[in-house]
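Understanding the architecture of this molecule
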Amino acid sequence: MAEHEIKKNYIISELRSLCAHCVSKSQLPHRCPVKELSLRIESLRGVPLIVNSEFKGLLWSH
Ligand SMILES: [Zn+2]
């Protein structure tokens, strides 16, 4: 998996740890601002910038 995908997954799992419902994997439907944020992060698309084979973030095309 590409480094930026690993980072995105990490950030999303950290975000979900902010929501008590998501943390407990509760099946209860809940209004979840964290889920909205995680979907937005998931949909980020950019070109990975690699310097000296190190990931330096994404470049956004518009
Ligand atoms: Zn939640």
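Notes on the structure in this doc start here. (Residues numbered from 1 in each chain as written. Predicted model: local features only at pLDDT ≥ 70, side-chain atom pairs only at ≥ 80, totals over all residues. Heavy atoms only, no water.)

A word on helix H3 (residues 33-42). Helical geometry: 3.6 residues make up each α-helical turn, so side chains three or four residues apart lie on a common side. Val 34, Ser 38 and Ile 41 are the residues of H3 that are buried. The arc enclosing the buried residues of H3, seen along the axis, measures out at 60 degrees, which places them on a common side. For H3, exposure combined with an orientation more than 90 degrees from the buried face picks out Pro 33, Leu 39 and Arg 40. The inward-facing, buried residues of H3 abut helix H1 (3-16). (Buried < 20%, exposed > 50% of the residue type's maximum accessible area, 1.4 Å probe, protein only. Helix = DSSP H or I, 4+ residues; strand = E, 2+ residues; numbered from the N terminus. Arc of directions from axis to C-beta. Contact = heavy atoms within 4.5 Å.)

What follows covers the nonpolar core. Listed in full, the seven residues of the largest apolar core are Ile 12, Leu 15, Cys 19, Cys 22, Cys 32, Val 34 and Ile 41. Contributions of two or more residues to this core are made by H1 and H3. Setting aside its immediate chain neighbours within four residues, Cys 32 contacts Cys 19 and Cys 22. (Core = buried A, V, L, I, M, F, W, Y, C linked by side-chain atoms within 4.5 Å.)

We now examine the coordination of the zinc ion. Think of it this way: four donors in a tetrahedron around the metal ideally sit 109.5 degrees apart, and six in an octahedron ideally sit 90 or 180 degrees apart. Donor atoms from the polypeptide that coordinate the zinc ion comprise Cys 19 (SG), Cys 22 (SG), His 30 (NE2) and Cys 32 (SG), at 2.1 to 2.3 Å from the metal. In this structure, the zinc ion is surrounded by four donor atoms whose angles at the metal cover 106 to 114 degrees, and the resulting shape is tetrahedral. Look at where the donors of the zinc ion fall in the sequence and you get C-x2-C-x7-H-x1-C. Cys 22 shares its class with Cys 19; the two are buried. (Donors = N, O, S within 2.8 Å, 3.2 Å for Na, K, Ca; no water. Tetrahedral: all angles 85-135°; square planar, octahedral: opposite > 155°, others 65-115°.)

A few words now on the side chain of Ser 38. For Ser 38, the location among the structural elements is in helix H3. Taking the relative accessible area as the measure of exposure, Ser 38 reaches 2% and is therefore buried. Of note is the side chain of Ser 38, whose polar atom sits 2.8 Å from the backbone oxygen of Lys 35. Ignoring sequence-local partners within four residues, the contact set of Ser 38 consists of Ile 12, Leu 15 and Arg 16. (Polar contact = N/O pair within 3.5 Å; in protein donor to acceptor, adjacent residues only side chain to side chain.)

What follows concerns the environment of Pro 33. On the secondary structure map, Pro 33 appears in helix H3. Taking the relative accessible area as the measure of exposure, Pro 33 reaches 55% and is therefore exposed. Along the sequence, Pro 33 and Leu 44 sit eleven residues apart, while their C-alpha atoms lie 17 Å from each other.

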